[in-house]
Amino acid sequence: MVYSILYDATKCVGCRGCQVACKRWNELEAETTKLRATFTNPPDLSSQTWLYMNFVEEKAESPEDVRISWNFARRSCMHCVDPACASVCPTNAITKLSEGPVVIDQERCMGCKYCTQACPFDIPRFDEEKGVVFKCTMCADRIGVDVHPACVQSCVAGALSFGDKETMLAQANVRAAKINGILYGEKEAGGTDVIYILPRPAAELGLRQPPLESVGSYWRSLLTRISAIGVVGIAAFVLLGVIIRRRVLLMKEKEE
Amino acid sequence: MVYAVEWSWLTSTALFFGGLAGGSYLWAFGAGLSNERKYANFSKVGYSIAFPAVLVYLIFLVLELGTPTNFIKIRNLTSMIFVGASIVSLFFIFSLLTLIGREPTILPQISFNQKTQRILEGIGSIFAFGIIMYTALLLGASFGRPFWGSPFLPYLFLVSGLLTGWAVISLVLLSREDWRKPVPDFLDLFVLLITLLFVLSVLDLATVVAPESIAALITGNLNVFFIVGVLIVGIFIPFILAYYSMSKKEVPYFISGITFILVLIGGFLLRYVIVVGGQVPPVI
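Cut-offs applied
- Residues numbered from 1 in each chain as written.
- Chains lettered and ligands numbered in written order.
- Predicted model: local features only at pLDDT ≥ 70, side-chain atom pairs only at ≥ 80, totals over all residues.
- Heavy atoms only, no water.
- Helix = DSSP H or I, 4+ residues; strand = E, 2+ residues; numbered from the N terminus.
- Rg over C-alpha atoms; globule rule 2.2 N^0.38 Å.
- Buried < 20%, exposed > 50% of the residue type's maximum accessible area, 1.4 Å probe, protein only.
- Contact = heavy atoms within 4.5 Å.
- Phe/Tyr/Trp six-rings, centres within 6.5 Å; stacked < 30°, edge-to-face > 60°.
- Lys NZ or Arg CZ within 6 Å of the ring centre and 35° of its normal.
- Buried area = accessible area lost by both parts, 1.4 Å probe.
- Salt bridge = Lys/Arg side-chain N within 4 Å of Asp/Glu carboxyl O.
- Polar contact = N/O pair within 3.5 Å; in protein donor to acceptor, adjacent residues only side chain to side chain.
- Nonpolar A, V, L, I, M, F, W, Y, C, P; charged D, E, K, R; others polar.
- Expected span 1.5 Å × (residues − 1).
- Pairing = 2+ DSSP bridges.
- Axes fitted to C-alpha atoms, helices over the stretch in contact; angles between N-to-C directions.
- pLDDT = per-residue confidence, 0-100.

A separate point is the overall build of chain B. Helices and strands together make up the secondary structure of chain B, namely nine helices and zero strands. Seen in sequence order, chain B has helices and strands lined up from the N terminus as α-α-α-α-α-α-α-α-α. The globule rule puts the C-alpha radius of gyration for 284 residues at 19 Å, and the 19 Å found for chain B is close to it. Projected onto its principal axes, the C-alpha positions of chain B cover 60 × 50 × 25 Å. By residue count, 56% of the 284 residues in chain B fall in the buried class. Sequence-distant contacts, at least 24 apart, represent 81% of the contacts inside chain B between residues at least 6 apart.

Quick look at the packing of aromatic side chains now. One pass over the full model with this rule turns up 25 aromatic pairs over all chains. Aromatic side chains F55 of chain A and F72 of chain A sit 5.0 Å apart centroid to centroid with 75 degrees between the ring planes, which places their arrangement in the edge-to-face category. In this pair, F55 of chain A is assigned in strand β2 (residues 51–59) and F72 of chain A in strand β3 (residues 68–76), connecting sequence segments 17 residues apart. Aromatic rings pair up to connect W9, F16, F17, F60, F225, F268 and Y272 of chain B into one cluster. Over the ring of W25 of chain A we find R142 of chain A, and its NZ or CZ is 4.6 Å from the ring centre.

Quoted interface sizes are often the accessible area lost when the parts come together. Listed as interface residues are 44 residues of chain A and, on the opposing side, 34 residues of chain B. Of the roughly 3,300 Å² buried where chain A meets chain B, counting both sides, 63% is carbon and sulfur surface. When the buried area of chain A at its contact with chain B is split by residue, M110, Y114 and Q117 of chain A rank highest and sum to 23% of it. Put simply, chain A and chain B have one salt bridge between them. K113 of chain A is the salt-bridge partner of E64 of chain B, the closest N and O atoms lying 3.2 Å from each other. Linking chain A with chain B are 20 residue pairs in polar contact (both at pLDDT 80 or more), by the criterion used here. Mapped by element, the contributors of at least two residues to the side of chain A that touches chain B are α2 (84–88), α3 (114–118) and α7 (215–255) of chain A. Ranked by residues supplied to the side of chain A that touches chain B, first place goes to α7 of chain A with 11 residues. The residue makeup of the side of chain A that touches chain B, split by class, is 26 nonpolar, 10 polar and eight charged.

Here we come to helix α1 (residues 9–34) of chain B. Taking 1.5 Å per residue, 26 residues should reach 38 Å; α1 of chain B reaches 37 Å between its end C-alpha atoms and fits that length. Most of α1 of chain B sits inside the fold, with 20 of its 26 residues counted as buried.

Let's shift gears to the sheet that holds strand β10 (residues 194–198) of chain A. Residue and element names in this part refer to chain A. Spatially, β8-β1-β10-β9 is the arrangement adopted by the four strands of the open sheet, whose pairing is mixed. The outermost strands of the open sheet, each flanked by one partner alone, are β8 (160–164) and β9 (182–184). For this sheet, the mean inter-axis angle between neighbouring strands, taken without regard to orientation, is 20 degrees. Pairing between strand β1 (residues 3–8) and β10: four bridges, direction parallel. Residue pairing in the sheet places Y7 in a bridge with Y196 of β10. Along the sheet, helix α6 (residues 165–179) contacts β1, β8, β9 and β10; its crossing angle with β8, the most-contacted strand, is approximately 135 degrees.

Here the focus is the side chain of R208 of chain A. Relative to the elements of secondary structure, R208 of chain A occurs in the loop between β10 and α7. A polar contact of 3.4 Å, which involves the side chain of R208 of chain A, links it to the side chain of D122 of chain A.

Residue and element names in this part refer to chain B. Taken as a whole, chain B shows an average pLDDT of 86; of its residues, 90% reach a score of 70 or greater. Averaged pLDDT values for the elements of chain B fall to 68 in helix α6 (residues 187–208) and rise to 94 in helix α4 (residues 114–140). Taken together, the chains of this predicted complex give a pTM of 0.89 and an interface ipTM of 0.87.

This brings us to unusual backbone geometry. Residue and element names in this part refer to chain A. For the bond from N41 to P42, the omega torsion is -5 degrees, close enough to zero to count as cis. Here P42 is to be found in the loop between α1 (17–26) and β2. Its identity is not glycine, yet E27 carries a phi of approximately 55 degrees, on the positive side. Mapped onto the fold, E27 is located in the loop between α1 and β2. You will see that N92, though not glycine, has its phi angle at about 55 degrees, which is positive. Checked against the element boundaries, N92 lands in the loop between α2 and β4 (94–96). Take N92: its relative accessible area is 31%, and that puts it in the partly exposed class.

Below you can see the structure in the form of structure tokens.
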């Protein structure tokens, strides 16, 4: 069975319980951060932060209204159906498990950082000290013993749910239609096993908006276009060669 | 904006030397094919550059990885890193064999007859082409970096690799005072081609998917490298100097030397702005 995490951003209260639970379960160290003009903290993913909440402030439309409304967005691995990170990994250190999680075996990782370049959601992070890459595992170790991922387990607002993908997707579609929300992850990068319901377009919430095609179709399309340019280029060079050769012959004839 | 640049100057330098190795080998092979006697010296220098250049390429790759033994972990036969490692290894072997064949003083015990040498050079030239194209495909396979997904990129790297390969061969010949007029007639064509390819790549990327990378190159933190380094120093000035050189019967050495050095600087910075520029995240 393929499992899926469903994140409903419209129910999220930004308590960061999921962020803390992720650190606790995976024994990830706390990081010293600098004060910035945002509540988002830490500012980005790292080898020690596999999940963080993005805080997006939104001022009220009326100038008299000084209240701020909040939008929250979870940033973590989307566990793609066809993961680009795994497709480029030269050591097969990244695997898509049959249950859905995309996991990295740090013992196998060679530290080439190719996965960090390939991920359309910009998720994997390189650890300079250990020389390997880390990211969210969807708590594959917990799923294996029939327990929900730590982030889902800790969510007090009911924004996170976990279950088989078909059920999660069906729930997501119903909820999105009801609140006029946007589904994120159903089609992005060919589809992911983490689905978001967003109140606004992903880019406005600090999330990447990758193409809808999968890495496989992207690569095939790129190779086709490269080949087409090559064929046109060769044809142009041959034509140019013939023209130059004819001009040289004509000039020689004139000289004679 | 917080973002990590995972591949920077180590990768850019490796890609530059990969292009230079392949480019100089292809020139040496092409020159030998067109007129073995006339270009014997040119070919010999080309082959002598290709092998050390690919060695430097490998050194920078290992430096990027940190631990040389990490290469043993490679298992995925479809990853571009495996494909590239195979091409580079084969090119390494063939460029070494070619060099030994051309320079009998290196290993006098080993010699090849002319036919074998030709076959070795022919096979080596396929891998030379492969190493240049691979450096662009390595970037192109990165689904998360739209700036590298231009189908023009491999051809841009090919033209740039040929240009830098030619420049370094000419620079060596110039230092030996072997070449009085080192700027051949086709340079203007090459510079035009590289400019055209670059503009096409940039237009393709700017209009479709990677406005943030284009912005970094034109108005952002990479604009000095791109506008001054690549466009002015690497393309515009060599283009003017090449035109000047072509109008003269004999060119002052320092002008030719400057032309070649500027082409090399431009070739390196081109890799640098593409590698680093591609990692600029979208503004969200």
